[in-house]
Amino acid sequence: MKIFTEEEIRQHVQINVSAIDVVEDGFNSLAEGKVSMPPIMRVDIPENNGEVDVKTAYIKGKEMFAIKISTGFFNNYQLGLPSGNGMMILINTTTGKPEAVLLDNGYLTDVRTAAAGAIAAKHLAKKNVHTVGVIGSGSQARYQLQALKEVRDYKQVLVYARSKERVQKFIEETKAALGVNVIAAETTEELVKQSDVVITTTPSETPIIQAEWLHPGLHITAMGSDAEHKQELAADVLAGADRLVCDVKSQCFRLGELHHGLKAGVITENSLITELGEITSGKVVGRENDEQITVCDLTGTGVQDTAIALYAFQAMLAKK
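All of these numbers come straight from a predicted model, not from anything done at the bench.

1. What to know about the overall build of the protein
Link 1 in the chain: Per the secondary structure count, the protein includes 11 helices and 15 strands.
Link 2 in the chain: Taking 20 Å as the expected radius of gyration for a compact globule of 320 residues, we find that the protein reaches 18 Å, a close match to that expectation.
Link 3 in the chain: Overall size of the protein, expressed as C-alpha extent along the three principal axes, is 55 × 45 × 40 Å.
Link 4 in the chain: With the model as given, the accessible surface of the protein reaches about 13700 Å², and the carbon-plus-sulfur share is 50%.
Link 5 in the chain: Charge-centre separation for the protein: the mean point of 32 positive side chains lies 4 Å from the mean point of 41 negative side chains.

Shown next as structure tokens:
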């Protein structure tokens, strides 16, 4: 069995067009019926504001598939630790033999999640984006902006988070990394109203975006709600969108923002909701004009994990 460390993985896998394309191919396979993907298994550790997810998917024709264990412990910033962690195991699809362990400490999850955000924006955001608003100041907020820069040449970032100290650090680091203007927003309302694209990256359990703040041309990628108790968008935000998109409907109806929309009665399982793979594969068009309000609900899928794990494995073998 081959074992790869986070350091090795980071040397060979970055957020770039290649990584984004690999994840997009995974969504294409999902839409084309080439993926076997079971529901997520999750263990909650509420006393430590933590959770552990197990995700997996087999893409037909691939020699291996990934089983991923990922953790999110959202008080870790108080200890000076990242909130995310985890590892991936690659299993041979012919023999069932474990072929490799990717000890990425959650890095590949960060990359594939950011890639999915970029894919959503590529197909759903306006072509010309000036200002991006990001809610949250953790690692995923940084990765989302990095990935988005690969598909939209934005000029300014508005950031909102509860910790002013973390916001200031985020501003300094993002300016240096991306060469864009970065400003702290006083409120989420201000951020939403002034942005062309909004990305939510928090584990919030109460809505942080309200429907009355929506405006023509806005795109929202909501990727923090991946459990029943999490919610970043008020339910009527979904009703206010011209286009509703998600990664996997069955999963989002159970875990994501769509779950809260169903519960509130603002959408039904028969509402016009498009899976992202239907758009990436060309079956359905994405944004149709600059006036549409678009929302994409991302809960994270096993097909993304297998896609990025195979990409990482092949990249590291090629360089050895």
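2. A few points about the pairing of strand β12 (residues 219-222)
Link 1 in the chain: Burial along β12 is two-sided: the face carrying His219 and Thr221 and the face carrying Ile220 and Ala222 are both buried.
Link 2 in the chain: With four bridges joining them, strand β11 (residues 197-200) and β12 adopt parallel strand pairing. Note on β12: the bridge partner recorded for valine 197 is histidine 219.
Link 3 in the chain: The sheet contact formed by β12 and strand β15 (residues 294-297) spans four bridges and is parallel. When the sheet's bridge partners are listed, threonine 221 is paired in β15 with cysteine 296.

3. Regarding helix α5 (residues 164-178)
Link 1 in the chain: Taking 1.5 Å of rise per residue, the 15 residues of α5 would be expected to cover 21 Å, and the 21 Å separating its terminal C-alpha atoms lies within 8% of that figure.
Link 2 in the chain: Of all the residues in α5, the buried ones are Val167, Phe170, Ile171, Thr174 and Leu178. Axial view of α5: buried residues confined to an arc of 105°, hence all on one face. Set apart from the buried face of α5 by more than 90 degrees, the exposed residues are Glu165 and Ala176.
Link 3 in the chain: At its buried positions, α5 is contacted by β8 (131-135), α4 (139-148), β9 (156-160) and β10 (181-184).

4. Considerations on the pairing of β8
Link 1 in the chain: Taking burial as the measure, the five residues of β8 include five buried ones, the bulk of the element.
Link 2 in the chain: Because side chains alternate across β8, one face comprises the buried residues Thr131, Gly133 and Ile135, and the other comprises Val132 and Val134, equally buried.
Link 3 in the chain: Crossover β8 to β9 through α4 is right-handed.
Link 4 in the chain: Looking at chain direction, β8 and β11 are connected through four bridges and run parallel. If you follow glycine 133 over to β11, its bridge partner there is valine 198.

5. What about unusual backbone geometry?
Link 1 in the chain: Of note, asparagine 49 is a non-glycine position whose phi angle comes to about 50°, a positive value.
Link 2 in the chain: Relative accessible area serves as the criterion here: at 31%, asparagine 49 is assigned to the partly exposed category.
Link 3 in the chain: Positive phi, close to 55°, is recorded for asparagine 105, a residue that is not glycine.
Link 4 in the chain: Among the structural elements, asparagine 105 can be located in the loop between β7 (98-103) and α3 (107-124).
Link 5 in the chain: The exposure class assigned to asparagine 105 is partly exposed, which follows from its relative accessible area of 37%.

6. Looking at the sheet that holds strand β13 (residues 243-246)
Link 1 in the chain: The strand order β10-β9-β8-β11-β12-β15-β13-β14 describes an open sheet built from eight strands, whose pairing is parallel. Where the open sheet ends on each side, the last strands, each with one partner, are β10 and β14 (273-275). The mean inter-strand angle of the sheet, taken between neighbouring strand axes irrespective of direction, is 20°.
Link 2 in the chain: Inspection of the sheet shows β13 paired to β14 by three bridges, in the parallel sense. Among the inter-strand pairings, leucine 244 is bridged to a residue of β14, identified as isoleucine 273.
Link 3 in the chain: The strands touched by α5 within the sheet are β8, β9 and β10, with β10 carrying the most contacts at an inclination of about 170°.

7. Brief notes about the packing of aromatic side chains
Link 1 in the chain: Inspection of the entire model under this criterion finds two aromatic pairs.
Link 2 in the chain: Seen from their ring centres, phenylalanine 4 and phenylalanine 313 are 6.0 Å apart, and the 85° between their planes marks the pair as edge-to-face. With phenylalanine 4 in strand β1 (residues 2-5) and phenylalanine 313 in helix α11 (residues 302-319), this residue pair connects regions lying 309 residues apart in the sequence.
Link 3 in the chain: Residue phenylalanine 4 is classed as buried on the basis of its relative accessible area, which comes to 1%.
Link 4 in the chain: Here phenylalanine 313 falls in the buried class, since its relative accessible area comes to 9%.
Link 5 in the chain: Just above the ring of tyrosine 154 sits the side chain of lysine 149; from NZ or CZ to the centre is 4.6 Å.

Each value, and the rule that gives it
Residues numbered from 1 in each chain as written. Predicted model: local features only at pLDDT ≥ 70, side-chain atom pairs only at ≥ 80, totals over all residues. Heavy atoms only, no water. Helix = DSSP H or I, 4+ residues; strand = E, 2+ residues; numbered from the N terminus. Rg over C-alpha atoms; globule rule 2.2 N^0.38 Å. Areas by Shrake-Rupley, 256 points an atom, 1.4 Å probe, with all protein chains shown as cover. Lys, Arg positive; Asp, Glu negative; His and termini not counted. Charge placed at Lys NZ, Arg CZ, Asp CG, Glu CD. Buried < 20%, exposed > 50% of the residue type's maximum accessible area, 1.4 Å probe, protein only. Pairing = 2+ DSSP bridges. Expected span 1.5 Å × (residues − 1). Arc of directions from axis to C-beta. Contact = heavy atoms within 4.5 Å. Right-handed = clockwise from strand over helix to strand, strands pointing away. Axes fitted to C-alpha atoms, helices over the stretch in contact; angles between N-to-C directions. Phe/Tyr/Trp six-rings, centres within 6.5 Å; stacked < 30°, edge-to-face > 60°. Lys NZ or Arg CZ within 6 Å of the ring centre and 35° of its normal.

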